[in-house]
Amino acid sequence: MMDEVEENDTGLEINVEVLIKCVLLSLIGVVCIVGNMLVIRTLIFFKYPKIHLYVMIGGLSVADLLKITPEILQNVIRWTHKGDVITSEWCQSIFYLVETCTYVASCHLVALSIIRCIMLTDRAHYSKSYVVHAFISSLVIWVLTILANIPNVKAIVKDDDYGCLRSASLNAETERNSYLKVAFSYALPLLVIVIVYIVTWYFTQRFFADSYSHRERRLSRMVTLLIVSFGICKLPHEIVSFIVFYQSRMVLTSFSNLKLDLDLSLNSTDTLSSDDMLNDYPNNGSDNYHLWGNIYEYCDILAVLDLALRPFFYAKLSYYFSKSFDEVINCTSCRKNNNASCSDVHQSREGAVRMGSQSGPSLTPLTVGREESPDNQCDDIIEIEDD
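Computed from a prediction, not measured in an experiment: that's the story for all the values here.

Q: Describe the overall build of the protein, with residues and values.
A: When helices and strands are tallied, the protein shows twelve helices and two strands. In sequence order, the secondary structure elements of the protein are arranged as α-α-α-α-β-β-α-α-α-α-α-α-α-α. Of the contacts formed within the protein by residues at least 6 apart in sequence, a portion of 84% connects residues at least 24 apart. When the accessible area of the protein is evaluated, it comes to approximately 21,400 Å², of which 65% is carbon and sulfur surface.

Below you can see the structure in the form of structure tokens.
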């Protein structure tokens, strides 16, 4: 009787833990969906300077928006063991969309690091040609990734308990595909980003730190935060995924050996019973497998959290995203007034330039254009006009 109570209590704890994970993942998904929809709204309807960085952020936001819903659905099905609610075709579609958007997001982060390098080393980086190149680059990333990921659809299988699986077996081919996925979606993009940052640091040594505008420094920090968040949130997921893979293989091998021993014992005259063999057989591998499987589920939540953090970085370090978010979230309607105030600041600066040019060479349009503004929110509009 006590064993039944303990078993029921354990089952209750598992159900509550799974429910907490599902609720937490759903809340992160809602934040991600709302945030990226606001980003796309800003890029389509909001008046802002069309620069290459915002174009690439748009491509990244589309990837995050398309990925988050099937990612959450896939994890909830796996955690609740309700794989029978979806069909094989639906499973392949979900997995294909998640995999494609994962590769697209990684490539866009690499592109953002390159754009940051251009922004900090090329003074003519506000040219319209850069915007066109950024749009074409984002489009090429999408098209190539969609086409290159089509062959992986055939490897996706449906399990009645866990939903979508990359492969039904744990052979060497599955291991190789797992390594390739981590390499192209995480390791290689980070390696390229590190190289780009080193090159950027080398070329920026010829510029003074004060020569960069407030907007350039702020956007540079935004790109850096996006990359750091990506690296930190994804690293535990990638490491634990391999641990779970090898633990699964070890448990499968252990049970295969146990089955072989039981078959041999039935055909032998040994007095050792099957129950004794089960009791003597080590079960540490199974316990470790369940432990790492539970850790892997939390790593899934951490990896999805990266998608929800990106809109916060956009709103915190970009004046235009912050203002657009504020209009929707706080229902503000002072955009015209703020633009008018920024125009007044710009006119006052132009007047200061004219006065300075009449009185002496102490002030030039270049120094005023690069001067730090007491009203940081107006810097974006003023600097674009100066350029």
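Additional details are given in the paragraphs that follow.
Q: Can you tell me about the side chain of Thr-102, naming the residues and giving the values?
A: Tracing the sequence through the fold places Thr-102 in helix H3 (residues 88-121). Among the residues examined, Thr-102 registers a relative accessible area of 8% and is labelled buried. Within the structure, Thr-102 has its side chain in polar contact with the backbone oxygen of Val-98 (distance 2.7 Å). Once residues lying within four places of it in the same chain are set aside, the contact partners of Thr-102 are Lys-67, Ser-185 and Lys-234.

Q: Could you give me a rundown of the pattern of salt bridges, with the residues and numbers involved?
A: Applying the stated criterion to the full structure yields seven salt bridges. Of the charged contacts, one joins Lys-21 and Glu-17 as a salt bridge, the two residues approaching to 3.7 Å between their closest N and O atoms. Of this pair, Lys-21 and Glu-17 both sit in helix H1 (residues 2-45), four residues apart, roughly one helical turn. Glu-17 gets classed as partly exposed once you look at its relative accessible area, which sits at 25%. Note that Arg-41 and Glu-327 form a salt bridge whose closest N and O atoms lie 3.5 Å from each other. With Arg-41 in helix H1 and Glu-327 in helix H9 (residues 319-329), the pair connects residues that are 286 residues apart, well separated along the chain. Take Arg-41: its relative accessible area is 28%, and that puts it in the partly exposed class. We classify Glu-327 as buried; its relative accessible area is 15%.

Q: Run through the nonpolar core, naming residues and quoting values.
A: With 36 residues, the main nonpolar core has Leu-53, Tyr-54, Ile-57, Leu-112, Met-222 and Tyr-314 as its most contacted residues. Secondary structure elements with two or more residues in this core: H1, helix H2 (52-80), H3, helix H5 (172-203), helix H6 (214-266), helix H8 (284-317) and H9. The biggest single contributor to this core is H3, with seven residues. Apart from the residues within four sequence positions on either side, Ile-57 is in contact with Val-39, Leu-43, Leu-112, Met-222, Tyr-314 and Phe-321. Among the nonpolar cores identified, the runner-up in size contains twelve residues, and Leu-25, Ile-72, Trp-79 and Leu-307 belong to it.

Q: I'd like a rundown of the packing of H3 against helix H4 (residues 128-148), residues and numbers included.
A: As a packed pair, H3 and H4 sit with axes 9 Å apart at the nearest point and diverge in direction by 155 degrees. Classed by the angle they form, the pair H3 and H4 counts as roughly antiparallel. When the axes of H3 and H4 are compared, the crossing they make is right-handed. The residues of H4 that touch H3, namely those facing Tyr-96, Thr-100, Cys-101, Tyr-103, Val-104, Cys-107, His-108 and Ile-118, are Tyr-130, Ser-138, Ile-141, Trp-142, Thr-145 and Ile-146. For the contact of H3 with H4, the residue count by class is ten nonpolar, four polar and no charged.

Q: So what's going on with H4? Residues and values would help.
A: One turn of the α-helix equals 3.6 residues, which is why residues spaced by three or four share an orientation. In this model, H4 (21 residues) spans 30 Å end to end at C-alpha, consistent with the 30 Å of a helix rising 1.5 Å per residue. Within H4 the residues assigned to the buried category are Val-131, Ala-134, Ser-138, Ile-141, Trp-142 and Thr-145. The buried residues of H4 occupy one face: seen down the axis, they fall within an arc of 90 degrees. Those residues of H4 that are exposed and aimed more than 90 degrees away from the buried face are Lys-128, Leu-144, Leu-147 and Ala-148. Next to the buried residues of H4 lie H2 and H3.

Q: So what about a nonpolar patch on the surface? Which residues, and what values?
A: A contiguous nonpolar surface patch, about 890 Å² in accessible area, is contributed by Val-132, Phe-135, Ile-136, Leu-139, Val-140, Val-143, Leu-144, Ile-146, Leu-147 and Ile-150. With respect to the helices and strands, the residue Val-132 is situated in helix H4. A relative accessible area of 45% places Val-132 in the partly exposed class.

Q: How would you summarise the packing of H2 against H3 if you had to cite specific residues and measurements?
A: For any two helices packed against each other, the geometry is given by the interaxial angle and the distance between the axes. Two numbers describe how H2 lies on H3: the axes approach to 8 Å, and their chain directions differ by 155 degrees. By the criterion of interaxial angle, the relationship of H2 to H3 is roughly antiparallel. Crossing of H2 over H3 shows left-handed handedness. For the contact of H2 with H3, the residue count by class is 20 nonpolar, five polar and three charged.

Q: Could you give an account of unusual backbone geometry, naming the residues involved and the relevant values?
A: For His-81, which is not glycine, the phi torsion reads 55 degrees and is therefore positive. By secondary structure assignment, the location of His-81 is in the loop between H2 and H3. Relative accessible area serves as the criterion here: at 39%, His-81 is assigned to the partly exposed category.

Q: Describe in detail the confidence of the model for the protein, supporting the description with residues and values.
A: Chain-level pLDDT for the protein is 77 on average; 71% of the residues reach the 70-or-more range. A low-confidence stretch, residues 1-13 stays under pLDDT 50, and its non-local contacts, those more than four residues away or across chains, total zero contacts.

The rules we used
- Residues numbered from 1 in each chain as written.
- Predicted model: local features only at pLDDT ≥ 70, side-chain atom pairs only at ≥ 80, totals over all residues.
- Heavy atoms only, no water.
- Helix = DSSP H or I, 4+ residues; strand = E, 2+ residues; numbered from the N terminus.
- Contact = heavy atoms within 4.5 Å.
- Areas by Shrake-Rupley, 256 points an atom, 1.4 Å probe, with all protein chains shown as cover.
- Buried < 20%, exposed > 50% of the residue type's maximum accessible area, 1.4 Å probe, protein only.
- Polar contact = N/O pair within 3.5 Å; in protein donor to acceptor, adjacent residues only side chain to side chain.
- Salt bridge = Lys/Arg side-chain N within 4 Å of Asp/Glu carboxyl O.
- Core = buried A, V, L, I, M, F, W, Y, C linked by side-chain atoms within 4.5 Å.
- Axes fitted to C-alpha atoms, helices over the stretch in contact; angles between N-to-C directions.
- Parallel < 35°, antiparallel > 145°, perpendicular 65-115°, else oblique.
- Left-handed = near helix turned anticlockwise from the far one by under 90°.
- Nonpolar A, V, L, I, M, F, W, Y, C, P; charged D, E, K, R; others polar.
- Expected span 1.5 Å × (residues − 1).
- Arc of directions from axis to C-beta.
- Patch = residues over 30% accessible without salt bridge, like charges linked within 9 Å, V, L, I, M, F, W, Y side chains within 5 Å.
- pLDDT = per-residue confidence, 0-100.

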